[in-house]
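The residues making up each chain are set out below.
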Amino acid sequence: VNNGYTMYTIMIDCEAESPEAEAALADIHAILGEHFGDDYYLTGMSQAVEDLKEIKPPDFNIVTIVSVLIILVVLLFTLRSFKMSAIIIGVIEFGIFLNLALSYIVGQQINFMAYIILSSIQLGATVDYAILFSSKYFEEKETCTGVVAVKNAVHRSAPSVITSASILIFTCVAVTLLTTNPIVGQITRLIAIGTCFSLILVFTLLPSILNIKERVSRWYSIKK
C-alpha cells in the first residue's frame, strides 16, 4: 500500500497468450472497472500481450510497406526496370505469405514479434537471389531468345544462390536447435523456412512469370 494505491497480485494458471488468459483478463478488467472505475492500472505478461495485440496490426502494416518501398528503390537502381522490380517483390512477398500460411495450416501459434521481424528480414535477405537471377537473365537476353535466356539464367545463377541460401538456412536451423529462448527459436525457424520458399520460388515461379511475359510480348509484337 502506497500513495493511496494498493497492489494486488493475481495469478492466472494458463499461458499468457492463450484464449483462457484473454478471457480471464477480460473478467478482471470488468471486476476492476466495477469497483474502481478507470482509476486502476493492470500490468503483467497477459496484459502486455493484450496491449501488443492492439499495436501489432498497424506496426506490421507500416513495417511491410516501408520494407517493400525500400527494396523497390534498390531494385529500380539495380535493374532499372519497374515491371521486373514489381515481379520480384511479388514473388518474395508470396514466399512470406506461404511461410505464414504454413504455420496457420499446421496450427502452430506464432509470437507477435515474429510477424514484424519475418516480413522485413525474409524480404531483405532473399531478394538478392532474385536480383542475381534477373541480372543473369538480362545478360542472356542480349544473345538468346526469351525462353532460352530464362533457362540459361537459372543454370548460371543457381550455384551462387543455392550457396547463399544454404548458409542462411543452416545458420538459422542451428540457432533454432541450440537456443533456449523460444521466441528466438521461432523467428530463426521461420526465416529458415521462408528462405527455402524464396529459393524455390526464385527458380520456379519467377522463371515461369518471365517465360509467360516473353511469350505474351512475342505474341503481341506478331499481332502488331
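Residues numbered from 1 in each chain as written. Predicted model: local features only at pLDDT ≥ 70, side-chain atom pairs only at ≥ 80, totals over all residues. Heavy atoms only, no water.

## Focus: helix H3 (residues 82-105)
Then, in step 1: For H3, with 24 residues, the first-to-last C-alpha span of 34 Å sits near the 34 Å given by 1.5 Å per residue.
Then, in step 2: If you check which residues of H3 are buried, you get Met84, Ser85, Ile87, Ile88, Ile89, Val91, Ile92, Gly95, Ile96, Asn99, Leu100 and Ser103.
Then, in step 3: For H3, the N-terminal cap is Ser81; the gap from its side-chain oxygen to the backbone nitrogen of Met84 is 3.3 Å.
Then, in step 4: Among the residues trailing H3, Gly107 stands out with phi positive, at a value near 75°. (Helix = DSSP H or I, 4+ residues; strand = E, 2+ residues; numbered from the N terminus. Expected span 1.5 Å × (residues − 1). Buried < 20%, exposed > 50% of the residue type's maximum accessible area, 1.4 Å probe, protein only. Polar contact = N/O pair within 3.5 Å; in protein donor to acceptor, adjacent residues only side chain to side chain.)

## Let's talk about the pattern of salt bridges
Then, in step 1: Considering all chains together, one arrives at 2 salt bridges under this definition.
Then, in step 2: Linking Glu139 and Arg156 is a salt bridge whose minimum nitrogen-to-oxygen distance equals 2.9 Å. In this pair, Glu139 is assigned in helix H4 (residues 112-141) and Arg156 in helix H5 (residues 146-178), connecting sequence segments 17 residues apart.
Then, in step 3: Glu139 gets classed as partly exposed once you look at its relative accessible area, which sits at 39%. (Salt bridge = Lys/Arg side-chain N within 4 Å of Asp/Glu carboxyl O.)

## Comments concerning the packing of H5 against helix H6 (residues 182-203)
Packed helices, taken two at a time, are described by their axes: the angle between them and the distance between them.
Then, in step 1: Remark: H5 packs on H6, axes separated minimally by 8 Å, with the N-to-C direction vectors making an angle of 165°. Viewed along their axes, H5 and H6 adopt a mutual orientation that is roughly antiparallel. Seen from above, H5 lies across H6 with left-handed handedness. Seen from H5, the contacting residues are Val154, Ser157, Ala158, Val161, Ile162, Ala165, Leu168, Ile169, Cys172, Val173, Val175 and Thr176; seen from H6, they are Val184, Gly185, Thr188, Arg189, Ile191, Ala192, Thr195, Cys196, Leu199 and Phe203.
Then, in step 2: Residues belonging to the contact of H5 with H6 are distributed by class as follows: 16 nonpolar, 5 polar and 1 charged. (Axes fitted to C-alpha atoms, helices over the stretch in contact; angles between N-to-C directions. Parallel < 35°, antiparallel > 145°, perpendicular 65-115°, else oblique. Left-handed = near helix turned anticlockwise from the far one by under 90°. Contact = heavy atoms within 4.5 Å. Nonpolar A, V, L, I, M, F, W, Y, C, P; charged D, E, K, R; others polar.)

## What to know about empty space enclosed by the protein
Then, in step 1: Scanning all chains against the criterion turns up 1 cavity of 30 Å³ or more.
Then, in step 2: In this structure, the largest cavity occupies an estimated 40 Å³ of space.
Then, in step 3: Counting only elements with at least two residues in the lining of the largest cavity, the list comes to helix H1 (19-36) and helix H2 (45-79).
Then, in step 4: Examining the composition of the lining of the largest cavity, we find that 4 residues originate from one element, H2, more than from any other. (1 Å grid on protein atoms, 1.4 Å probe; cavity = no way out; pocket = protein on both sides within 12 Å on 5 of 7 lines; lining within 4 Å. Points joined across faces, edges and corners; volume = space filled by probe spheres on them.)

## What to know about the packing of H4 against H5
Then, in step 1: At their nearest, the axes of H4 and H5 sit 8 Å apart, and the two run at 150° to each other. Classed by the angle they form, the pair H4 and H5 counts as roughly antiparallel. The chirality of how H4 crosses H5 is right-handed.
Then, in step 2: Split into classes, the residues belonging to the contact of H4 with H5 amount to 12 nonpolar, 5 polar and 6 charged.

## A word on a nonpolar patch on the surface
Then, in step 1: Together, Ile62, Val66, Ile70 and Val74 give the surface a local cluster of nonpolar side chains, amounting to about 340 Å² of exposed area.
Then, in step 2: Residue placement: Val66 occurs in helix H2.
Then, in step 3: Taking the relative accessible area as the measure of exposure, Val66 reaches 41% and is therefore partly exposed. (Patch = residues over 30% accessible without salt bridge, like charges linked within 9 Å, V, L, I, M, F, W, Y side chains within 5 Å. Areas by Shrake-Rupley, 256 points an atom, 1.4 Å probe, with all protein chains shown as cover.)

## Re the nonpolar core
Then, in step 1: Counting 40 residues, the largest nonpolar core has Leu75, Ile88, Phe133, Tyr137, Val202, Leu206 and Leu210 as the members making the most contacts within it.
Then, in step 2: Those elements that place two or more of their residues in this core are H2, H3, H4, H5, H6 and helix H7 (205-223).
Then, in step 3: In terms of residues, this core owes the most to one element, H4, which gives 9 residues.
Then, in step 4: Residues contacting Leu206, with those up to four places away along its chain left out, are Ile87, Val91, Ala130, Phe133, Ser134 and Leu201. (Core = buried A, V, L, I, M, F, W, Y, C linked by side-chain atoms within 4.5 Å.)

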